[in-house]
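# Tertiary structure, described
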Amino acid sequence: SQKIEQNSEALNIQEGKTATLTCNYTNYSPAYLQWYRQDPGRGPVFLLLIRENEKEKRKERLKVTFDTTLKQSLFHITASQPADSATYLCALPSSGGSYIPTFGRGTSLIVHP
Amino acid sequence: EAGVTQFPSHSVIEKGQTVTLRCDPISGHDNLYWYRRVMGKEIKFLLHFVKESKQDESGMPNNRFLAERTGGTYSTLKVQPAELEDSGVYFCASSQDWGTSEKLFFGSGTQLSVL
């Protein structure tokens, strides 16, 4: 089955800077990759989906890239704000025949004012 | 529109007892999923319903776990008897037909503590 790797160390950045989070996967290339945001005591909230034939997707201050050669997705938050502080989860299908998202452990982002 | 709701938000039980978790999906969502997060680990898939049918239950840890979705509306997840390793946060999620909106809407979870 698919293995998803996200940096377990928290990412600390200054307000206004761009935050970049990484999601690496092993094995096969998934049909899609998703990013979710999770706040303490809450469930994950869907942010963006990018498909295997897309290189980049944008939504307001968010940008996601998908490199199937490197087996990697990058998640960028530009002009970061303290309110962006949360854990960000990468999710993709667990196997070639599945469409159900399997989650990485997530990376904690802390934006300092 | 109401989101996915889960009840209870917290449950503390002793080893060997039974606990039943409930999930109400977003109205009109045929797909319902249960996930679990054990401390320090990633959120892991347990099972998937399409309406009242179990589509995929490959993530269910063992036969102490029983999920139902009678009538294709709300779902329950029963753990009987509970063991210490069952402690964690149980999340429910729902989605519309896959292929039109591949995103999950999650509830806030049930924090289960087995002592």
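Residues numbered from 1 in each chain as written. Chains lettered and ligands numbered in written order. Predicted model: local features only at pLDDT ≥ 70, side-chain atom pairs only at ≥ 80, totals over all residues. Heavy atoms only, no water.

The subject of this paragraph is the layout of surface pockets. By volume, the largest pocket is sized at about 740 Å³. Contributing elements (two or more residues each) for the lining of the largest pocket: β4 (32–38), β5 (45–51) and β9 (86–93) of chain A together with β1 (5–7), β9 (88–95), β10 (105–106) and β11 (110–114) of chain B. A per-class count over the lining of the largest pocket returns 14 nonpolar, 16 polar and five charged. (1 Å grid on protein atoms, 1.4 Å probe; cavity = no way out; pocket = protein on both sides within 12 Å on 5 of 7 lines; lining within 4 Å. Points joined across faces, edges and corners; volume = space filled by probe spheres on them. Helix = DSSP H or I, 4+ residues; strand = E, 2+ residues; numbered from the N terminus. Nonpolar A, V, L, I, M, F, W, Y, C, P; charged D, E, K, R; others polar.)

Moving on, we get to the packing of aromatic side chains. The description of two aromatic rings rests on the distance between their centres and on the angle between their planes. Under the criterion given, the structure shown has twelve aromatic pairs over all chains. Judged by centre distance (4.9 Å) and plane angle (20 degrees), the rings of Trp35 of chain A and Phe75 of chain A are stacked. With Trp35 of chain A in strand β4 and Phe75 of chain A in strand β8 (residues 72–77), this pair connects stretches of sequence that are 40 residues apart. Here the two residues Trp35 of chain A and Phe75 of chain A agree in accessibility, since each one is buried. Joined through ring pairs, the aromatic side chains of Tyr36, Phe46 and Phe103 of chain A together with Tyr35, Phe45, Phe91 and Phe106 of chain B make up one cluster. When the ring centre of Tyr74 of chain B is taken as origin, the NZ or CZ atom of Arg22 of chain B, which lies over that ring, is 3.8 Å away. (Phe/Tyr/Trp six-rings, centres within 6.5 Å; stacked < 30°, edge-to-face > 60°. Buried < 20%, exposed > 50% of the residue type's maximum accessible area, 1.4 Å probe, protein only. Lys NZ or Arg CZ within 6 Å of the ring centre and 35° of its normal.)

Turning to the sheet that holds strand β3 (residues 19–25) of chain A, a few remarks are in order. All names here are of chain A. Strand order in the open sheet formed by five strands is β1-β3-β8-β7-β6, and the pairing between neighbours is antiparallel. The open sheet has two edge strands, β1 (4–6) and β6 (56–59), and neither has a second partner. Between one strand axis and the next, the sheet turns by 15 degrees as a mean value, whatever way the strands run. Here four bridges tie β6 to strand β7 (residues 62–67), and the two strands are oriented antiparallel to one another. Bridging from a neighbouring strand, Glu56 pairs with Thr65 of β7. (Pairing = 2+ DSSP bridges. Axes fitted to C-alpha atoms, helices over the stretch in contact; angles between N-to-C directions.)

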